Amino acid sequence: MPELPEVEVVRRGLAEHVVGRTVESVTVTHPRSVRRHIAGAADLAARLTGQRVASAERRGKYLWLTFDEPDTALVVHLGMSGQMLVQPAAAPVEKHAHIRAALHDGAELRFVDQRTFGGWALAPLVEVGGSLLPEPVAHIARDPLDPRFDAEAAVAALRAKHSEIKRVLLDQTVVSGVGNIYADEALWRAGLHGNRLASGLRGPVLRMLLTEVGAVMEEALDAGGTSFDALYVNVNGRSGYFERSLAVYGREDEPCRRCGAPIVRERFMNRSSYSCPRCQRRPGGR
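Notes on the structure follow. All values derive from a computational prediction rather than experimental measurement. (Residues numbered from 1 in each chain as written. Predicted model: local features only at pLDDT ≥ 70, side-chain atom pairs only at ≥ 80, totals over all residues. Heavy atoms only, no water.)

Further remarks concern the packing of helix α1 (residues 4–17) against helix α6 (residues 203–222). Between two packed helices, the angle of one axis relative to the other and the distance separating the axes together describe the packing. Remark: α1 packs on α6, axes separated minimally by 9 Å, with the N-to-C direction vectors making an angle of 45°. It follows that α1 is oblique to α6 by the angle criterion. Here α1 and α6 pass one another in a crossing that is right-handed. Side by side, α1 and α6 meet where Leu 4, Pro 5, Glu 8, Val 9 and Arg 12 of the first sit next to Met 217, Ala 220 and Leu 221 of the second. Split by residue class, the contact of α1 with α6 holds six nonpolar, no polar and two charged. (Axes fitted to C-alpha atoms, helices over the stretch in contact; angles between N-to-C directions. Helix = DSSP H or I, 4+ residues; strand = E, 2+ residues; numbered from the N terminus. Parallel < 35°, antiparallel > 145°, perpendicular 65-115°, else oblique. Left-handed = near helix turned anticlockwise from the far one by under 90°. Contact = heavy atoms within 4.5 Å. Nonpolar A, V, L, I, M, F, W, Y, C, P; charged D, E, K, R; others polar.)

Right, here's the structure in full:
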């Protein structure tokens, strides 16, 4: 699933190629892609038609477009394989292009989603902490790349959780934007095992960890994000290349870039965690 850097790459592409354009028509060809819009495909298409895109916004891993109509946002759920592509209207339509929004300048904004876990939905905007957020995103915490991110408040929230630090990093109500890949990478950089209890870590250690979270996300963003297959691309269809710089994620049995010990993979919440057994000691020294 795309994490903050991948979503930010898409947001920047939308800001460059879609903001300021007017939607002339919307075509929905798969009902699952609008299942979160309770009023249905026809309502979503009718309400978007004629709207001028005012901005492309993001909080953590959540993405949305705003319009000149001030109280509504189009929330975009990328899911596991969702892509937001900007294509010439005459370009061949992708096999899994389930939503197509024709723009006034002859381009199309296409939502391509092979696995159909993602989708579009219109939602009201609400004010939260001085920011306007779509209602489904209102509970999401700020992320480390947000200019208004409060590191001390995040440290306090982390220390209040009597749970494994990796599990807490993935809690989007505590710190947003972090998924499995960047949690593993930040924990390796900080020399922490993901099974350490958040409540047992001192403030300076957690501050360092948050700094590493921000650093690895900035580096991934500069590289266009992490692409393990063709399902994650930017709005022009290009893949990111941060995969080449990953220190632990997906590198089972390969040597640690810091100490040379073989990277290990462990089961974690129906997925995998990767760590260095020497640099990141498990709790209790096991």
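Read on for the rest.
This brings us to the pairing of strand β9 (residues 131–134). Bridge count between strand β8 (residues 119–128) and β9: four bridges; the pairing is antiparallel. Of the residues in β9, the one forming a bridge with Leu 125 is Pro 134. (Pairing = 2+ DSSP bridges.)

Quick look at the sheet that holds β8 now. One open sheet holds the five strands; their spatial order is β2-β3-β4-β8-β9, and the pairing between them is antiparallel. The open sheet has two free edges, formed respectively by β2 (53–59) and β9, since each of these has just one partner strand. Taken over all neighbouring pairs, the strand axes of this sheet differ in orientation by 35° on average, direction set aside. The pairing of strand β4 (residues 72–77) with β8 spans six bridges and is classified as antiparallel. By the bridge assignment, His 77 is partnered in β8 with Gly 119.

Membership of the largest hydrophobic core comes to 41 residues, with the highest contact counts inside it found for Ile 165 and Leu 209. Taken together, the elements giving at least two residues each to this core come down to α3 (151–159), α4 (165–169), α5 (180–190) and α6. In terms of residues, this core owes the most to one element, α6, which gives eight residues. When residues no more than four places from it in sequence are discounted, the contact partners of Leu 209 are Ile 165, Leu 169, Ala 186, Leu 187, Ala 190 and Leu 192. The next biggest cluster of nonpolar side chains, apart from the first, holds 28 residues, and it includes Val 10, Leu 44, Ala 56 and Leu 78. (Core = buried A, V, L, I, M, F, W, Y, C linked by side-chain atoms within 4.5 Å. Buried < 20%, exposed > 50% of the residue type's maximum accessible area, 1.4 Å probe, protein only.)

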